[in-house]
Amino acid sequence: MKLRALIFVCGLLALAVARAQSPNEPLHPTDGRDVEALKVAAAKLREAGALVPEATLTNQLARTNCVLTLPSARKSRLTGRELWAAARAAHIRVGWNFLCTRCNNWHLDLAGGYALTKDGAVATCHHVVKRPANFKEGSLIAADEDGRVFPVLEILAANQRADACIVRIAAKDLKPLPLATDVTPGDRCFCFSDPLDERGYFSDGIVNRFLARQSRRDTNAPPVTRLNVTTDWAPGSSGSAVLDEFGNAIGHVTTITTLPGGNGKAADADKGKAPERTLITLHEAVSAKDVLALIQKPTSTGKR
């Protein structure tokens, strides 16, 4: 069976999405049935030999740039409904389907991501594609909001310090978000993600400030640019896009920091622990600037 056909069959294994109060909007299940359907679809891809081995993918984390043709930034403001629709359509869950060394079961550990191009380029966090500690064997997969499951074919570029990574998945009909850097504190922003496995949570807020995050290990390295925003997220949201009010991605979810409760240290948005006492929670996003730093424009010949 051809790969494209196989992906289509796997997509059919996802449950038919019920509809909410408005007749055209999805109603997300809360009993985990959608996750079980994704596990079945991932198993079908694995059994068909369609998944790329872990060693091949992790070796590609050394790639520092790739060539992509990106959509132009949007200039017209979108309504709240239009922003939700754009964020949801571009949202791609990315993560590991792996055999666990502790329980000998296959797990599906998905976080967020967002389409950059129609033909399969997806941005996410570097820590999302890092191999799990209890990993025995497995591979990276991706899933869209229609329940289709795709192999991650390759890692195109990555920057661990910036917590940015671009992968290519086996899809040709994604709905990408443009990247934009024209943003300032006070601007409205939005995020569609799956915090703590609460599917399809959409929130809005503002940009609080920009940060120059310096490496503690290499003080001579240039700092990476981060944004603090007031949109909501939690473990499970990492890699999900943060949008401006035009529907452009201005960055993506990376960490949560609690102040002054707990130890006051930042934690990956997929690995945060509840503090004993919290007065304020800072939501930090990777900037679109550092995602764009991974991307080169195509040459006139179109070669990589």
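Attention in this report is confined to the structure presented alongside it. Owing to the predicted nature of the structure, the values given are computational and were not obtained by experimental measurement.

Considerations on the layout of surface pockets
Counted as a void, the second largest pocket has a volume near 770 Å³. Around the second largest pocket, the lining is made up of 30 residues, and of these Leu-108, Asp-109, Leu-110, Asp-197 and Gly-236 lie nearest the centre. A breakdown of the residues in the lining of the second largest pocket according to their chemical character gives 12 nonpolar, 6 polar and 12 charged.

Re the pattern of salt bridges
Applying the stated criterion to the full structure yields 14 salt bridges. Here Arg-148 ties to Asp-144 by a salt bridge, and the two come within 2.7 Å at their closest N and O atoms. Owing to a relative accessible area of 22%, Arg-148 belongs among the partly exposed residues under this scheme. Each of Asp-34, Glu-145, Asp-194 and Arg-199 takes part in one network of salt bridges that share partners.

Some remarks on the packing of aromatic side chains
Using the criterion set out here, one finds 3 aromatic pairs in the structure. Arranged with centres 5.4 Å apart and planes meeting at 75 degrees, the rings of Trp-96 and Phe-135 form a pair that is edge-to-face. With a gap of 39 residues between them, Trp-96 in strand β4 (residues 93-100) and Phe-135 in strand β8 (residues 135-143) connect regions that are remote in the sequence. As far as the burial class goes, Trp-96 and Phe-135 line up, both buried. Residues Phe-98 and Phe-135 carry aromatic rings whose centres are separated by 6.1 Å and whose planes lie at 25 degrees to one another, so their mutual orientation is stacked.

Quick look at empty space enclosed by the protein
Vacant regions in the atomic arrangement are exposed by a probe of water-molecule size rolled over the atoms. Tallying each qualifying case throughout the model produces 1 cavity of 30 Å³ or more. What the largest cavity holds in volume is close to 40 Å³. Forming the boundary of the largest cavity are Ala-87, Ala-90, His-91, Gly-113, Tyr-114, Leu-177, Phe-192, Ala-241 and Leu-243. For the lining of the largest cavity, the secondary structure elements donating two or more residues are α4 (80-90) and β14 (241-243).

Considerations on the pairing of β4
Burial runs high along β4: 8 of the 8 residues are buried. As paired strands, β4 and β8 are joined by 8 bridges and run antiparallel to one another. Looking at the pairing, Val-94 lines up with Ala-142 of β8. Summarising the sheet, β4 and strand β5 (residues 106-111) pair through 6 bridges and their orientation is antiparallel. Opposite Trp-96, over in β5, you have Asp-109 as the bridge partner. Taking the residues between adjacent antiparallel strands as the criterion, β4 and β5 are bridged by 5 residues, where Asn-104 takes a positive phi near 65 degrees.

Rules used in this analysis
- The residue count restarts for each chain, going from 1 along the sequence in the order it is written.
- In keeping with the model being predicted, local features are shown solely for residues with a pLDDT of at least 70 and side-chain atom pairs are shown and tallied solely at 80 or more, while totals for entire chains, interfaces and linings include all residues.
- Calculated side-chain values reflect all of the structure's heavy atoms, with hydrogen atoms and water omitted.
- Using a 1 Å grid laid over the protein atoms alone, points where a 1.4 Å probe fits but cannot get out form a cavity; open sets with protein on both sides within 12 Å along at least 5 of 7 lines form a pocket; any residue with an atom within 4 Å of a point counts as lining.
- Grid points are joined across faces, edges and corners, and a volume is the space filled by probe spheres set on the points.
- Polar here means any residue other than Ala, Val, Leu, Ile, Met, Phe, Trp, Tyr, Cys and Pro, which are nonpolar, and Asp, Glu, Lys and Arg, which are charged; Gly is therefore polar.
- Salt bridges, as used here, are contacts in which a Lys or Arg side-chain nitrogen is within 4 Å of a carboxyl oxygen on Asp or Glu.
- Relative accessibility under 20% of the residue-type maximum defines a buried residue, over 50% an exposed one, and the middle range a partly exposed one, all with a 1.4 Å probe and only protein chains included.
- Paired rings are identified among Phe, Tyr and Trp, the last through its six-membered ring, by centres lying within 6.5 Å, and are further divided according to the angle between planes into stacked (under 30 degrees), edge-to-face (over 60) and tilted (the rest).
- Secondary structure elements are defined from DSSP: runs of H or I of at least 4 residues count as helices, runs of E of at least 2 residues count as strands, and each element is numbered from the N terminus.
- DSSP bridges decide pairing: two strands pair if at least two such bridges lie between them.

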